[in-house]
Amino acid sequence: MMHSFFRRLLALAVVLLLSQFTPVLAATLRYTLAMPAPQSHYFEVEMALGGFGKQFTDVKMPVWAPGSYLVREFAKNVEGFAAQAGSTALRTEKVAKNTWRVYHPGAKDFTVRYKVYAFELSVRTSFIDGAHGYVNGTSVFMYPDGEVKLPSTLTVQPAPGWAQVSTSLKPAAGGAPFTFSSASYDELADSPIEIGNQKVMTFDVNGTPHTVAMFGTVQYDETRLLRDMKKTCEEAHRVVGQNPLDRYVFIIHNIDRGTGGLEHLFSTTLSVSRNAYSSEAGWKGFLGLVAHEYFHLWNVKRIRPVALGPFNYDQENYTRMLWVSEGGTEYFSNLIVQRAGFLTPDAYLADLSNSIGRVENTPGNKQQSAAESSFDAWIKYYRPNENSANTGISYYDKGEVIGAVLDLMIIQATNGEKHLDDVMRYLYAQYYQKLGRGFTDAEYQDAVAKVAGRRFDEFFRNNVYGIQTLDYGTALGYAGLKLTSTPVTTDATLGANFSPAGGKYTVASVLRDGSAWQGGLSVGDEILALNGTRVTDDPNKALVGAPVGATVTLLVNRDGQTKEVSLPLLAGQAQRYRIERLPNPTEQQQRVLNKWLPVAK
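The sections below set out a description of the structure shown in this document.

Cut-offs used in this document
Residues numbered from 1 in each chain as written. Predicted model: local features only at pLDDT ≥ 70, side-chain atom pairs only at ≥ 80, totals over all residues. Heavy atoms only, no water. Helix = DSSP H or I, 4+ residues; strand = E, 2+ residues; numbered from the N terminus. Buried < 20%, exposed > 50% of the residue type's maximum accessible area, 1.4 Å probe, protein only. Contact = heavy atoms within 4.5 Å. Areas by Shrake-Rupley, 256 points an atom, 1.4 Å probe, with all protein chains shown as cover. Expected span 1.5 Å × (residues − 1). Pairing = 2+ DSSP bridges. Core = buried A, V, L, I, M, F, W, Y, C linked by side-chain atoms within 4.5 Å. Axes fitted to C-alpha atoms, helices over the stretch in contact; angles between N-to-C directions. Parallel < 35°, antiparallel > 145°, perpendicular 65-115°, else oblique. Left-handed = near helix turned anticlockwise from the far one by under 90°. 1 Å grid on protein atoms, 1.4 Å probe; cavity = no way out; pocket = protein on both sides within 12 Å on 5 of 7 lines; lining within 4 Å. Points joined across faces, edges and corners; volume = space filled by probe spheres on them. Nonpolar A, V, L, I, M, F, W, Y, C, P; charged D, E, K, R; others polar.

## Some thoughts on the overall build of the protein
Consideration 1: When you go through the protein residue by residue, the secondary structure sums to 16 helices and 31 strands.
Consideration 2: Across the 601 residues of the protein, 52% fall into the buried class.
Consideration 3: Considering only intrachain contacts with a sequence separation of at least 6, the fraction spanning at least 24 residues in the protein is 69%.
Consideration 4: Surface summary for the protein: the accessible area is close to 26800 Å², and the carbon and sulfur share equals 51%.

Structure, rendered in structure tokens:
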């Protein structure tokens, strides 16, 4: 018995020893993206999976697109999911809203095929029609569960007549046409693709090639476009002072009404109104969008809160720091445009005054903090309703003005030696380069303290995590500036906005604590008459010049029944803000101003 036992033990030891030297076949993943009938708005995807030795494999579709904090349920657009090993069809079943299970016992290699309906042209989604195709990875490409780190190759098969594929993905080894490699699913998902006959242009920034892929028929000065984009990018590089790029791609969709942009690891997609290039205001707005999305390649993609990577593609990724990631990026993008010479310091101050007005004239600013706005982005920012302005504040707007005040506080505390740029440099070096991770809320405050040489805990507690009004006056005073405000109107106002759809004036929104709010006017009420006169225009126009305290009587249609509403008119609450220079700034104030808003050379 003992002899037999030792023989089995020795055999087991040999097996274990040999297993250390037996090569394990690595899993492989290859995608093919086809579009044989682009007018039908479908992409066709094939996934070839190799080396998957289990009895079944779960294949998943993300529910959201990083950078856009809303669960969009991309799986709803998937059709015809099927799998096979060789010529044998495999059994599949859907086991969750975004998960398909493929049973492949005995077959390590198999192929998955499916179609994706793509007809929403935004920077967050995918689109294809007879003119072009655009892929935002999380809404088209699936991945094997638990294998987001698996490298892959992608072959794009453009629709007939299409000759261009623009993406930041690197060409795959071997030189096959329109074939690209990804180090991981994260890289594939974070590298949008434009397919068609777009115009392709290039410029260079600090030794890095930058590609511009322009879709859409639009008039613009190509020389000016490339020159000003280059100058904007160069100024953005100066903020952090580190170039993390070996390539960068701008995909620009020129459409009737632009919708903004979305950042990616080595690229961005911009949605721009066709007429943006025809006016100075439109041009500066375009450069501001370029600056914002480009600066994200540092702030968010590399300098990031801990929650924003590695991503959980199945659910919300919560953070209270979007006021830094998005609002802070908006703050820096406007500074970049000013530093590049496209805005004078006074023009910048006028724009900042408008930003302060957007924040302070939003009633929700007194209800929701910047940190809460960030955390609730998933359920509020991308799902606004008629009451949103009364209950919340944009983390873009609030983060921008917090950034301005914080920057001035740092400059003052360091006698004009340091500014918010230095905080970004520290975060980049400490957390991206050294530790390879994101930072926590507390670590961001620590970084500010390290740069400033003092802590601002009360500021963060009251103005970031609380709803106390920012002390604009003191901060601007450091730079020899002052903030003034005047009422937008001295007349009484109704405190409601109206929709004229179908020739009927219906209440679209009611301002918190205004006349309509206190008098009981409700969203959806159709205004039939005002003070006994039939309404044929916006009721607000009829009240111009009305004195505060006057009573107005409205006849409304509410749910098919008429109702009379009488209410006293209150003074308008909105203020117009203006940042002005003090007449005789001190040497210290001038030093702070010069550090904050240097005159472009």
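Moving on, there is more to tell.
## Side note on helix H4 (residues 280-295)
Consideration 1: Over its 16 residues, H4 runs 22 Å from end to end, which matches the ideal 22 Å to within 8%, given 1.5 Å per residue.
Consideration 2: Of all the 16 residues making up H4, twelve are buried; the element is thus mostly covered by neighbouring parts of the structure.

## Here we look at the sheet that holds strand E13 (residues 164-167)
Consideration 1: Ordered by their spatial adjacency, four strands build an open sheet running E9-E10-E16-E13, and the pairing between neighbours is antiparallel. The open sheet terminates on both sides in strands that have one partner only, identified here as strand E9 (127-128) and E13.
Consideration 2: Here three bridges tie strand E10 (residues 133-135) to strand E16 (residues 193-196), and the two strands are oriented antiparallel to one another. Note on E16: the bridge partner recorded for Tyr134 is Glu194.

## With respect to the nonpolar core
Consideration 1: Membership of the largest hydrophobic core comes to 100 residues, with the highest contact counts inside it found for Phe250, Tyr444 and Trp596.
Consideration 2: Considering every element that reaches this core, the biggest residue donor is helix H9 (residues 395-413), with eleven residues.
Consideration 3: Those residues in contact with Tyr444 that lie beyond four places of it in its chain are Met321, Trp323, Val324, Leu406, Leu420, Val423, Leu427, Phe439 and Phe460.
Consideration 4: Among the nonpolar cores identified, the runner-up in size contains 47 residues, and Met61, Leu90, Phe141 and Ala189 belong to it.

## Examining the packing of H4 against helix H5 (residues 322-339)
Consideration 1: Taken N-terminus to C-terminus, the directions of H4 and H5 make an angle of 130°; their axes are 8 Å apart at the nearest point. Classed by the angle they form, the pair H4 and H5 counts as oblique. Both H4 and H5 take part in a crossing whose hand is right-handed. Side by side, H4 and H5 meet where Leu287, Gly288, Ala291, His292 and Phe295 of the first sit next to Glu326, Thr329, Glu330, Phe332, Ser333, Ile336 and Val337 of the second.

## What to know about empty space enclosed by the protein
Consideration 1: Inspection of every chain in the model, using the stated rule, returns two cavities of 30 Å³ or more.
Consideration 2: If you add up the space inside the largest cavity, you get close to 80 Å³.
Consideration 3: Forming the walls of the largest cavity are Asn299, Trp323, Val324, Gly328, Tyr331, Phe332, Gly399, Gly403, Leu406, Leu420, Met424 and Tyr444.
Consideration 4: Where the lining of the largest cavity is concerned, the elements lending two or more residues are H5, H9 and helix H10 (420-434).
Consideration 5: Looking at which element gives the most residues to the lining of the largest cavity, the answer is H5, with five residues.
Consideration 6: Put simply, the second largest cavity is a space of about 60 Å³.
Consideration 7: Lining the second largest cavity, in full, are Leu352, Ile356, Val401, Ala404, Val405, Leu408, Tyr472, Ala475 and Leu476.
Consideration 8: Elements with a contribution of two residues or more to the lining of the second largest cavity: helix H6 (345-360), H9 and helix H13 (472-477).
Consideration 9: Here the lining of the second largest cavity takes four residues from H9, the largest share from any one element.
Consideration 10: Here the lining of the second largest cavity is built from residues that sort into nine nonpolar, no polar and no charged.

## Observations regarding the side chain of Glu526
Consideration 1: In this structure, Glu526 sits in strand E26 (residues 526-530).
Consideration 2: Residue contacts for Glu526: discarding those within four places in its chain leaves Lys504, Tyr505, Thr506, Leu555, Val556 and Asn557.

## Side note on the sheet that holds strand E6 (residues 92-96)
Consideration 1: Spatially, four strands are ordered E6-E7-E3-E11 in an open sheet, and the strand pairing comes out antiparallel. Single-partner strands in this sheet number two, and they are E6 and strand E11 (143-144).
Consideration 2: Pairing of strand E3 (residues 56-60) with E11, which is carried by two bridges, proceeds in the antiparallel orientation. Residue pairing for E11: Val59 is matched across the bridge by Pro144.

None of the figures reported here should be taken as evidence of function without further support.
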